[in-house]
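The chain contents come next:
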Amino acid sequence: MKLIYEKSRPGRRAGTVPNPAIPRAEVPEALRRRAAPRLPELAEPEIVRHFTQLSTRNFGIDTGFYPLGSCTMKHNPRANERAVNLPGFRDLHPRQDDDSAQGALELMWRLQEILAEITGLDAVTLQPAAGSQGELTGLLVIKAHLAALGEQQRVEVLAPDSAHGTNPASVTMAGLELVGVKIDERGYVDLADLKSKLSDRTAGLMLTNPSTLGLFEENITELTKAVHETGGYCYYDGANLNAVCGISRPGDMGFDVVHINLHKTFSQPHGGGGPGGGPVAVREELAPYLPVPVVTRSGDRFRFDSDRPASVGRVRGFGGPFGVFVRSYAFIRRYGPALREMSEAAVLNANYLMARLRDAYDLPYDRACMHEFVVSARELKKQHGITALDVAKRLMDYGFHPPTVYFPLVVAEALMIEPTETEAKETLDEFADAMLAIAAEAETAPEALKEAPRSQPVRRLDEVRATKHPVLRYRFDEHPSSGDDG
Ligand SMILES: Cc1ncc(COP(=O)(O)O)c(C=O)c1O
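Residues numbered from 1 in each chain as written. Predicted model: local features only at pLDDT ≥ 70, side-chain atom pairs only at ≥ 80, totals over all residues. Heavy atoms only, no water.

**Student:** Account for the nonpolar core, with residues named and values stated.
**Tutor:** Core analysis: the largest hydrophobic core is formed by 55 residues, its most contacted members being Leu115, Leu194, Phe266 and Phe325. Residue-level mapping places this core at the junction of two domains, with at least three residues from each of domain 2 (79–337) and domain 3 (340–461). Within the second largest apolar cluster, 28 residues are counted, among which are Met354, Leu380, Ile386 and Ala434. (Core = buried A, V, L, I, M, F, W, Y, C linked by side-chain atoms within 4.5 Å. Buried < 20%, exposed > 50% of the residue type's maximum accessible area, 1.4 Å probe, protein only. Domains from an automatic or database assignment.)

**Student:** Hey, could you go over the site of the ligand for me, with residue numbers and the actual values?
**Tutor:** Surrounding the ligand, one finds 14 residues, the nearest of these being Gly131, Ser132, Asp237, His263 and Lys264. Between an oxygen atom of the ligand and a side-chain N or O atom of Ser70, the distance comes to 2.9 Å. A total of 390 Å² of accessible area belongs to the ligand in isolation, and the protein chains cover 86% of it. Contributions of two or more residues to the shell around the ligand are made by helix H6 (131–148) and helix H10 (262–265). Counting residues per element, the shell around the ligand draws most heavily on H6, at three residues. In terms of residue class, the shell around the ligand is made up of two nonpolar, nine polar and three charged. (Near = heavy atom within 4 Å. Polar contact = N/O pair within 3.5 Å; in protein donor to acceptor, adjacent residues only side chain to side chain. Areas by Shrake-Rupley, 256 points an atom, 1.4 Å probe, with all protein chains shown as cover. Helix = DSSP H or I, 4+ residues; strand = E, 2+ residues; numbered from the N terminus. Nonpolar A, V, L, I, M, F, W, Y, C, P; charged D, E, K, R; others polar.)

**Student:** How would you explain the packing of H6 against helix H7 (residues 166–173) if you had to name every residue and give the values?
**Tutor:** Running from N to C, H6 and H7 point in directions that differ by 45°, and their axes come no closer than 9 Å. In terms of their interaxial angle, H6 and H7 are classed as oblique. Two packed elements cross with a definite hand, and for H6 against H7 that hand is right-handed. Residues Ser132, Glu135, Leu136 and Leu139 of H6 lie in contact with H7, whose contacting residues are Thr166, Asn167, Ser170, Val171 and Met173. Looking at the contact of H6 with H7 residue by residue, the classes come out as four nonpolar, four polar and one charged. (Axes fitted to C-alpha atoms, helices over the stretch in contact; angles between N-to-C directions. Parallel < 35°, antiparallel > 145°, perpendicular 65-115°, else oblique. Left-handed = near helix turned anticlockwise from the far one by under 90°. Contact = heavy atoms within 4.5 Å.)

**Student:** Residue-level account of the packing of helix H5 (residues 102–119) against helix H11 (residues 322–335), with values.
**Tutor:** With their axes 10 Å apart at the nearest point, H5 and H11 run at an angle of 60° to one another. Comparing their axes, H11 and H5 come out oblique. As H5 runs across H11, the sense of the crossing is left-handed. Contacts between H5 and H11 involve Ala104, Leu107, Met108, Arg110, Leu111, Ile114 and Leu115 from the first element and Phe322, Phe325, Val326, Ser328, Tyr329, Ile332 and Arg333 from the second. Class assignment for the residues of the contact of H5 with H11 results in eleven nonpolar, one polar and two charged.

**Student:** An account of H6 is requested, with residue identities and associated values reported.
**Tutor:** Each α-helix winds once per 3.6 residues, and so residues spaced three or four apart point in a common direction. Taking 1.5 Å of rise per residue, 18 residues should cover 26 Å, and H6 covers 26 Å from first to last C-alpha, within 8% of that figure. Taken residue by residue, H6 has Gly131, Gly134, Glu135, Thr137, Gly138, Leu139, Val141, Ile142, His145 and Leu146 as its buried positions. (Expected span 1.5 Å × (residues − 1).)

**Student:** Go over the sheet that holds strand S1 (residues 123–125), please, and point to the residues and values.
**Tutor:** The sheet built from seven strands is open, its strands ordered S1-S7-S6-S5-S4-S2-S3 with mixed pairing. Single-partner strands in this sheet number two, and they are S1 and strand S3 (177–181). Geometrically, the sheet is characterised by an average inter-axis angle of 25° between neighbouring strands, direction not taken into account. When strand S2 (residues 156–160) meets S3, the two strands line up parallel, connected through five bridges. Bridge pairing in S3 links Glu156 to Glu177. Of the strands in this sheet, strand S4 (202–208) and strand S5 (233–238) are in contact with helix H9 (residues 220–229), which crosses S5 at around 145°. (Pairing = 2+ DSSP bridges.)

So yeah, pure geometry; function would need other evidence.
Dropping the structure here:
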């Protein structure tokens, strides 16, 4: 970065002369620049080298194993990219009229139909841009329906301690009230506690299944039955669908609303904040409240339908993240009826890894897991002072992306591991060997573990300070030869 700022010279930048053909923006006089901005000037090779070097420091699923629990970092088939780059899809404009975008609308309509089938529900909106936005949308749909029924006093949403962190946040965002439900010693929702909290104030239950402990709720139909009997609705956080896709359906278990994370289950190059997709599927009685527009079909014609008076409105611009839809559709169609094999392999891989690690790490909930599992470093901490963070940092030296740590909150020193279905047994074994080697190092060389990672450009960062005082741009005034107008 050093060169960039040393070479910058004010006033030399091309394009600072106003182009008379472009109308001048109405920027108030007081806010206008007095001098040209100090932008760096560089030769192309310098820029190419700078960004190429930076890109080699990036860790992604294409560079290594990425068992980030709860995030489903799976391989993204390159065939998806061919599909999304077909000119008819790639060159679409969001303001194109429906008649000239029939192929795109048909793809969206088909995806809606497929997701309704996969979830066992009736109607789908593709609009939400992420799982968390899907949660908010689904809760707003339930809230709108309760209002239409004259049941506005139903404001409480029950969610267990094993819920994903976004669930309670979405409840609050939707203007509803969170009521926590205990989990029992086996990691499942405590049915008695749930029943004791149901009342005529209950809007519904929000359940992450499989839970953040990687467990499939044992009494799931009893849970939904109890909630329905008191007049509430059941919301299924389906972001963990990778464990059960093609095997079980939330609709069949009694759920009324479910969101799916397209970017987790149906592969998308995600991470770093996007792109994502969080479609929501609902039962027929809730369909009128879905966001607009919904893609509808009439004979051979497809169109955006915004004429839905009871709708909760728009939750996103235009029709939603279209590139994500194309990739998901391509992914699902390539699997076809064999889609359940994806989930079966994901569950098998997770159980294999869990079995390999169980002697060296604590298993707080010791039973067959779904697509992910949680181990704890609490014994390593007690005996050798080695924490989950130390293990995670050391894994980088072995060439692996660390798993999710300190989540779920119900497990002390948690390491949440999700291998996904796309990893070979050899990769799983290499990772297990590294985890076992680290557990051995905790005993023989604990002080060295505290210094990890040693292989990275930076060691341990002050994460709290980085969160509280983020520096989001290069500070020109830190450089001796720079001015102050950056
Ligand atoms: C179970 C669960 N629910 C909800 C979410 C939120 O999804 P998003 O990150 O797309 O907002 C996630 C994210 O991974 C998740 O794992």
